[in-house]
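# Coordinate analysis (summary)
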Amino acid sequence: MLRIVLGSDLAQERATDPALAQLLTQGRGSLAFLIGDTDCRFRLLAGAIHWDRVLLAFDGEQPVGFAAFKHRRRGPFGLQWRPFVREFGVLSGAVRFVGFCLSEVREWRYPFLLYGLRVAKVARNRGVGAALVQACCAHAAGQGFHNVELEVPLGNARAERLYLHNGFALRRERWVPFPPVRNMSRTLP
Ligand SMILES: CC(C)(COP(=O)(O)OP(=O)(O)OC[C@H]1O[C@@H](n2cnc3c(N)ncnc32)[C@H](O)[C@@H]1OP(=O)(O)O)[C@@H](O)C(=O)NCCC(=O)NCCS
């Protein structure tokens, strides 16, 4: 049975399970040119996860997906420069860290942003993605927000269709940032 839980509501020992951080750092693949592949993203970002900005989907005890969100200038990842320098050296690490910070800060414009959504391959096409999107919208409404916004990379037709089927409408296409995205938003009741 599918269960969706706010990361910060998990028992302490469960929230520190590396498998959850691994799942979460699979996101942000569009920034791979800056923050590397999934293993690298785990090393860079797993040490400072804000679990109050993550909804996790469990099938029994098995984590199968997440929706991460950002509001009040806080998203799922804390900004720590040390792992970047450790990973890439001082110069490249500093440049990549600043690039990542710019990408994070750019999103502060959105009052409530659905920052990332991912479902494990084995669990796809069973409604987990839709359940996470709906749970994220319910969470936003519970926090007093009237809109949920998101950016979907151009060409991600599968995700775009999922959002359309879950109450989101297409807004404008934007060629900045890189890679280009399409804005979508949903008005909450
Ligand atoms: C996009 C993504 C999150 C969708 O997750 P998902 O769990 O497969 O989503 P759902 O199962 O809710 O919906 C997918 C399709 O399965 C279908 N479906 C849902 N429940 C179903 C069921 N019980 N039986 C058969 N089909 C079902 C839906 O109709 C839907 O198709 P549609 O959108 O054309 O209507 C997933 O493909 C993913 O993680 N992709 C990689 C990361 C990504 O692109 N993230 C988005 C970044 S913006």
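Above this note sits the structure.
What counts, and at which threshold
Each chain carries its own residue numbering, running from 1 in the direction its sequence is written. Per-residue local features of the predicted model are confined to residues with pLDDT of at least 70, and side-chain atom pairs are confined, for both listing and counting, to 80 or more; whole-chain, interface and lining totals are unaffected and use all residues. Calculated side-chain values reflect all of the structure's heavy atoms, with hydrogen atoms and water omitted. Each helix corresponds to a stretch of at least 4 residues labelled H or I by DSSP, and each strand to a stretch of at least 2 residues labelled E; elements are numbered beginning at the N terminus. In the analysis that follows, any N or O atom pair within 3.5 Å is treated as a polar contact, provided that within protein one partner can donate a hydrogen and the other can accept it, and provided that, for residues neighboring in sequence, both atoms belong to side chains. Residues are classed as near a molecule or strand on a simple rule: at least one heavy atom within 4 Å of it. Each accessible area is a Shrake-Rupley estimate made with a 1.4 Å probe; only the visible protein chains count as cover when residues are assessed. When residue character is reported, Ala, Val, Leu, Ile, Met, Phe, Trp, Tyr, Cys and Pro are called nonpolar, Asp, Glu, Lys and Arg charged, and the others, Gly included, polar. The span one expects for a helix is its residue count, reduced by one, times 1.5 Å. Strand pairing requires that DSSP identify at least two bridges connecting the strands. Orientation is described by lines fitted to C-alpha atoms, with helices fitted over the stretch in contact, and by angles between N-to-C directions that extend from 0 to 180 degrees. We call two residues contacting when some pair of their heavy atoms lies within 4.5 Å. Definition used in this section: a nonpolar core is a set of buried Ala, Val, Leu, Ile, Met, Phe, Trp, Tyr and Cys residues joined via side-chain atoms within 4.5 Å. Think of it in three bands: with a 1.4 Å probe and only protein chains considered, a residue is buried below 20% of the maximum accessible area for its type, exposed above 50%, and partly exposed in between. Each Phe, Tyr or Trp ring (for Trp, its six-membered ring) is paired with any other whose centre lies within 6.5 Å, and the angle between the two planes then decides the class: stacked below 30 degrees, edge-to-face above 60, tilted in between. By the criterion adopted, a ring carries a charge over it if an Arg CZ or a Lys NZ lies within 6 Å of its centre and within 35 degrees of its normal. Put simply, the grid is 1 Å and covers the protein atoms alone, a cavity is a trapped set of points that fit a 1.4 Å probe, a pocket is an open set with protein on both sides within 12 Å along at least five of seven lines, and lining residues have an atom within 4 Å of a point. Grid points are joined across faces, edges and corners, and a volume is the space filled by probe spheres set on the points.

### Observations concerning the side chain of Ser185
For Ser185, the position within the fold is in strand β7 (residues 181-187). There is a polar contact of 2.9 Å between the side chain of Ser185 and the side chain of Arg171.

### Overview of the site of the ligand
Taken together, 19 residues lie near the ligand, and Val119, Gly127, Asn156, Arg161 and His165 sit nearest. Arg124 places a side-chain nitrogen or oxygen 3.3 Å from an oxygen atom of the ligand. The contact in question runs from an oxygen atom of the ligand to an N or O atom on the backbone of Ala130, over 2.9 Å. Across the complex, the protein chains shield 69% of the 940 Å² of accessible surface that the ligand would expose by itself. Among the secondary structure elements, those contributing two or more residues to the shell around the ligand are β4 (112-119), α7 (128-142), β5 (147-153) and α8 (157-165). Here the shell around the ligand gets six residues from one element, more than from any other, and that element is α8. The residue inventory of the shell around the ligand, partitioned by class, reads nine nonpolar, five polar and five charged.

### Concerning α7
Between its terminal C-alpha atoms α7 stretches 21 Å, which fits the 21 Å expected from 15 residues at 1.5 Å a residue. Once α7 ends, the next one or two residues include Gly144, with phi positive near 90 degrees.

### Observations regarding the sheet that holds β7
Across the sheet, which stays open at both edges, the seven strands sit in the order β1-β2-β3-β4-β5-β7-β6 with mixed pairing between neighbours. Here the strands that pair on one side only, and so sit at the sheet edges, are β1 (2-6) and β6 (169-174). Neighbour-to-neighbour, the strand axes of the sheet open up by a mean angle of 25 degrees, direction not taken into account. Where β5 meets β7, seven bridges bridge the pair, whose relative direction is antiparallel. Looking at β7, one finds that Glu149 is bridged to Ser185. The sheet contacts of α7 involve β1, β2 (54-59), β3 (62-71), β4, β5 and β7, and relative to β4 the element is tilted by about 160 degrees.

### A closer look at the nonpolar core
Leu24, Ile35, Trp51, Leu56, Phe66, Phe77 and Phe100 are the most contacted members of the largest nonpolar core, which totals 27 residues. Looking at this core, the elements with two or more residues in it are α2 (18-24), α3 (32-35), α4 (38-45), β2, β3, α6 (90-106) and β4. The greatest single-element share of this core, amounting to four residues, is contributed by α2. Apart from residues lying up to four places away in sequence, Phe100 is in contact with Leu31, Leu34, Ile35, Leu45, Phe77, Leu79, Phe84 and Tyr115. Formed by 26 residues, the second largest nonpolar core is a distinct cluster that contains Leu6, Leu55, Ala57 and Val64.

### Regarding the pairing of β7
Of all seven residues in β7, six are buried; the element is thus mostly enclosed. In textbook terms, the turn of a hairpin is the stretch between consecutive antiparallel strands, and for β6 and β7 this stretch comprises six residues.

### As for the packing of aromatic side chains
The geometry of an aromatic ring pair comes down to the distance between the two centres and the angle between the two planes. Inspection of every chain in the model, using the stated rule, returns six aromatic pairs. Here Arg28 stacks its cationic end above the ring of Tyr115, 3.6 Å away from the centre of that ring. Positioned above the aromatic ring of Phe88, the side-chain terminus of Arg96 is 4.0 Å from the ring centre.

### Observations concerning the layout of surface pockets
When its volume is computed, the largest pocket comes out at roughly 1,200 Å³. In terms of lining, the largest pocket is formed by 48 residues, of which the most central are Leu117, Pro153, Asn156, Ala159 and Tyr163. Those elements that place two or more of their residues in the lining of the largest pocket are α3, β3, α6, β4, α7, β5 and α8. Sorting elements by how many residues they give to the lining of the largest pocket places β4 first, with seven residues. Considered class by class, the residues forming the lining of the largest pocket number 25 nonpolar, 13 polar and ten charged.

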